[in-house]
There are 2 protein chains.
Amino acid sequence: MQTPGATAPLDTSVYAARMDRVRAAMASQHIDVVLLSLGLDLPYLTGYHAMPLERLTMLVIPRAGMATMVIPGLEAPRVTEQPGVFELRPWAETENPVEIVARLVGRSSRIAVGDQMWARFLVELLPLVSNASYVRAVDVVGSMRMTKDAAEIAALRAAGAAVDRIASELQAGRIPLVGRTEAEVSADLGARIVAEGHQMVNFAIVAAGENAASPHHTPGARVIRAGELVLCDFGGTMNGYCSDITRCVSLGTPPSDVRDAYDVLHAAQQAAVRAAVVGTPCEEVDRAARRIIADAGFGEYFVHRTGHGIGMDAHEDPYIVEGNRRPLEVGHAFSIEPGIYVPGAWGMRLEDIVVAAAGGPDPLNVVEHDLVVLDV
Amino acid sequence: MQTPGATAPLDTSVYAARMDRVRAAMASQHIDVVLLSLGLDLPYLTGYHAMPLERLTMLVIPRAGMATMVIPGLEAPRVTEQPGVFELRPWAETENPVEIVARLVGRSSRIAVGDQMWARFLVELLPLVSNASYVRAVDVVGSMRMTKDAAEIAALRAAGAAVDRIASELQAGRIPLVGRTEAEVSADLGARIVAEGHQMVNFAIVAAGENAASPHHTPGARVIRAGELVLCDFGGTMNGYCSDITRCVSLGTPPSDVRDAYDVLHAAQQAAVRAAVVGTPCEEVDRAARRIIADAGFGEYFVHRTGHGIGMDAHEDPYIVEGNRRPLEVGHAFSIEPGIYVPGAWGMRLEDIVVAAAGGPDPLNVVEHDLVVLDV
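What you see is a predicted model; the values in this text were computed from it and never measured.

**Student:** Help me understand the relation of the copies chain B and chain A in this model?
**Tutor:** Both copies of the chain are related through a single rotation about an axis accompanied by a shift along the same axis. Screw-axis analysis of chain B against chain A gives a translation of 0.0 Å along the axis, an RMSD of 0.0 Å, and a rotation angle of 180°. Such a turn and shift between the copies fits a two-fold axis. The C-alpha atom lying nearest the rotation axis in chain B is that of Ala119(B); the distance is 2.1 Å. A symmetric contact is evident, with 100% of the interface residues of chain B recurring at the interface of chain A.

**Student:** Sorry if this is basic, but what is going on with the nonpolar core here?
**Tutor:** One broad rule of soluble globular proteins: the nonpolar side chains tend to lie buried together. Ranked by internal contacts, the top residues of the largest apolar core, which has 136 residues, are Leu35(A), Ile61(A), Tyr134(A), Leu35(B), Ile61(B) and Tyr134(B). Residue contacts for Tyr134(B): discarding those within four places in its chain leaves Val123(A), Leu126(A), Ile111(B), Val113(B), Leu122(B), Leu125(B), Leu126(B) and Val129(B).

**Student:** What exactly am I supposed to notice about the interface of chain B and chain A here?
**Tutor:** Interface extent is often summarised as the accessible area lost during association of the parts. Contact with chain B, which involves 46 residues of that partner, is made by 46 residues of chain A. Carbon and sulfur atoms make up 61% of the area that chain B and chain A hide from each other, which totals about 4000 Å². Put simply, chain B and chain A have four salt bridges between them. Residue Glu124(B) pairs with Arg136(A) through a salt bridge whose shortest N-O separation is 3.3 Å. For the pair chain B and chain A, the number of links is 20 residue pairs in polar contact (both at pLDDT 80 or more). Mapped onto the side of chain B that touches chain A, the elements with two or more residues apiece are α4 (119-125), β6 (133-136) and β7 (200-208) of chain B. Considering each element in turn, the side of chain B that touches chain A owes the most residues, five residues, to α4(B).

**Student:** Which parts of the structure should I look at to understand helix α1 (residues 12-28) of chain B?
**Tutor:** Residues spaced three or four apart along an α-helix face the same direction, because each turn holds 3.6 residues. Residues and elements named next belong to chain B. Over its 17 residues, α1 runs 25 Å from end to end, which matches the ideal 24 Å to within 8%, given 1.5 Å per residue. Along α1, the residues that are buried comprise Tyr15, Arg18, Met19, Val22, Arg23, Ala25 and Met26. Considered in projection along α1, the buried side chains sweep an arc of 160° and stay on one side of the axis. Turned more than 90 degrees away from the buried face of α1 sit Asp20 and Ser28, all of them exposed. Buried residues in α1 make contact with β1 (33-36), α2 (41-46), β2 (58-62), β3 (67-72) and α5 (141-146). Immediately beyond the C-terminal end of α1, within one or two residues, lies His30, with a positive phi of roughly 55°.

**Student:** Got a minute to help me understand the domain arrangement of chain A in this structure?
**Tutor:** Residues and elements named next belong to chain A. Domains assigned within chain A are domain 1 (12-145) and domain 2 (147-374). If you average the C-alpha positions of domain 1 and of domain 2, the two centres end up 34 Å apart. In this assembly, nine residues from domain 1 lie in contact with eight residues from domain 2. When domain 1 packs against domain 2, the two sides together hide about 710 Å² of surface, and 39% of this comes from carbon and sulfur. When the area that domain 1 buries against domain 2 is broken down by residue, the three leading residues are Leu40, Tyr44 and Arg145, summing to 60%. One can count two salt bridges joining domain 1 with domain 2. A salt bridge links Glu316 to Arg145; the shortest N-O distance between them is 2.9 Å. Our count for the contact surface shared by domain 1 and domain 2 stands at five residue pairs in polar contact (both at pLDDT 80 or more). Among the elements of the structure, α2 (41-46) and α5 (142-146) are those that each provide at least two residues to the side of domain 1 that touches domain 2. Counting residues per element, the side of domain 1 that touches domain 2 draws most heavily on α5, which supplies three residues. Of the residues in the side of domain 1 that touches domain 2, the class split is five nonpolar, two polar and two charged.

**Student:** How do you make sense of unusual backbone geometry when you look at a structure like this?
**Tutor:** Among all residues except glycine, the phi angle is most often negative; among peptide bonds, the trans geometry is most common. Asp317(A) connects to Pro318(A) through a cis peptide bond whose omega is 0°. In this fold, Pro318(A) is placed in strand β12 (residues 316-320). Although it is not a glycine, Asn239(A) sits at a positive phi angle of roughly 50°. Mapped onto the elements of the fold, Asn239(A) is located in the loop between β8 (229-238) and β9 (241-242). By relative accessible area, which is 49% here, Asn239(A) ends up partly exposed. Phi is positive for Asn131(B), close to 60°, though the residue is something other than glycine. By the secondary structure assignment, Asn131(B) is in the loop between α4 and β6.

**Student:** Sorry, what's going on with the packing of aromatic side chains here?
**Tutor:** The geometry of an aromatic ring pair comes down to the distance between the two centres and the angle between the two planes. Summed over all chains, the structure comprises two aromatic pairs over all chains. Stacked on the ring of Phe302(B), the Lys or Arg Arg290(B) has its end atom at 3.9 Å from the ring centre.

Calculation rules
Residues numbered from 1 in each chain as written. Chains lettered and ligands numbered in written order. Predicted model: local features only at pLDDT ≥ 70, side-chain atom pairs only at ≥ 80, totals over all residues. Heavy atoms only, no water. Least-squares fit on C-alpha atoms with pLDDT ≥ 70 in both. Contact = heavy atoms within 4.5 Å. Core = buried A, V, L, I, M, F, W, Y, C linked by side-chain atoms within 4.5 Å. Buried < 20%, exposed > 50% of the residue type's maximum accessible area, 1.4 Å probe, protein only. Buried area = accessible area lost by both parts, 1.4 Å probe. Salt bridge = Lys/Arg side-chain N within 4 Å of Asp/Glu carboxyl O. Polar contact = N/O pair within 3.5 Å; in protein donor to acceptor, adjacent residues only side chain to side chain. Helix = DSSP H or I, 4+ residues; strand = E, 2+ residues; numbered from the N terminus. Expected span 1.5 Å × (residues − 1). Arc of directions from axis to C-beta. Domains from an automatic or database assignment. Nonpolar A, V, L, I, M, F, W, Y, C, P; charged D, E, K, R; others polar. Phe/Tyr/Trp six-rings, centres within 6.5 Å; stacked < 30°, edge-to-face > 60°. Lys NZ or Arg CZ within 6 Å of the ring centre and 35° of its normal.

As structure tokens, then:
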């Protein structure tokens, strides 16, 4: 099996420093042990990506003492060891790895669990550890990952520039649309995502006409026709960090109601980008976009939050959503992607990745934001 | 986002019948409610694949009464509704979906949880449901999925034939190896997996020389050279069902010790296939291969189980492993893939998918099993 999009292992000192910060957070939050398996907290702390399979890989981090990576014996050769950061505990095919984890957990009373661990391992662990309470490890590791350092922002910027180049080709009419199916265009975008330097395609939504009213539409056999608005939302993972962009193009002059709605969307998206200054609560950024769309009478058609954090994960904290009072900090990276979706008719979304920087919002996607009209 | 490799929705009556069997299993196992999210139990019962994202999709199946699919509002348009099988409960961006699930779970005392659900949702659910115990849903739905019907076996056979065609090209020397990197050959195999009709590439391990001693090696920048043994283990998902095959080729005449070891491996693999008759415990099939490898002195180098079940999932029950006393039944499908791995030197594995049929073991992969020596 492969781990495409994996981060190249960093120097052991980087992982050691991150592990120190985890231990400090565990102490302040009274967490006895952190358990990490699938998901990107594990590679963030060790450089190693667990395989998404039924054989358990789990990093057990006690508040004091060395961390242990419990790993299938046949996968142990995959690990780049990081002396002083963790020890390996390979398990044989006839051992029960959850029992090994339970022994390492011992008498812990407060256990933090990685978000994307398979629930089966927690179900199996519950009866083996008595009187414990469980919390999400995102409060320990996720909050560290949220604040990107310069190298991480550079990686996000490179990935963003790569999808900008693809969007530029789309807007120049050099990616054929009319007469092809959504699925064909999606595959084309996927190939370009790889050709532009990503190791992994995360998604390539192509939604034509009324299909674009479904924000997470699966591209299918629907043929794209002249006269339609086509929504393309695509991204991948490049050197461990994600890209994500949405642009719409109009295949011929759009009807005036679509043109007017796009102008509202464009204004809302730019207002939210401008609002994304350090210190502003995430929900205020959401409101900046939502207010403009609602004032124009499209409020009921903006059915999702304004954005999500991005980094090693395509979606991570901070979420740009009503109710999230967390103030933006220097190094937060997130999407700004309002949309307007009229069921049965059309849908549109406009998305950039933005970094909260000391000098103000720093958009990583700069390709044309206006609705590009292509000759057909 | 996409769900490549998804099963096409079946007739509602198929899902209704499967749901009836789930309810019967719940009654006999005293399970009050089943919770399914990520993983393939959900599409097996509803035709719908949850998106692997932070917004919760969860099917709540009470022992009596209608099942409810709790789903992000923006993803509700993706669902093909199956009246009488489940109801939709879309949630808005400012709602807490786990609280919705907790209300549906009510006062259940025994809750079965899908294996691949993200642990974060169980962590969030635990404090909302008091005095409940948790078990794996695999005992309810997995045991149904283990026994394939005729249509499922036909799908597995078609996927198997597709990777056989690729293996045949490999063995004919029509997939260039010498001078290319493992990663390049892996990408080539991936493209062929799609070209042969799969919608999704699950893995394409290419491991040359000493790298093949790591059973789950990640193909990398290592250039393949004349004189080496190259292990290729690849598969994908075609119309919802998986393929998985391993073949090794020798780039020039192999050293006699490698040749001899391969003959042992070949004999062991064929013995295990012959042992896979209905009624035989899974562990006996494992022993059939292991005995031959151990008797030849390679026991310590066969570091994994003999195989895994396969179907909608690339790895599922039944596992062909010591300790699994489950007798094979008609319709079980699984890999038979012993290997010999000498660290620092070489590795080899030989794998077919086999169906336990009334007439005896039915291998779905029939391409040459002997070590093919290519001119270089």
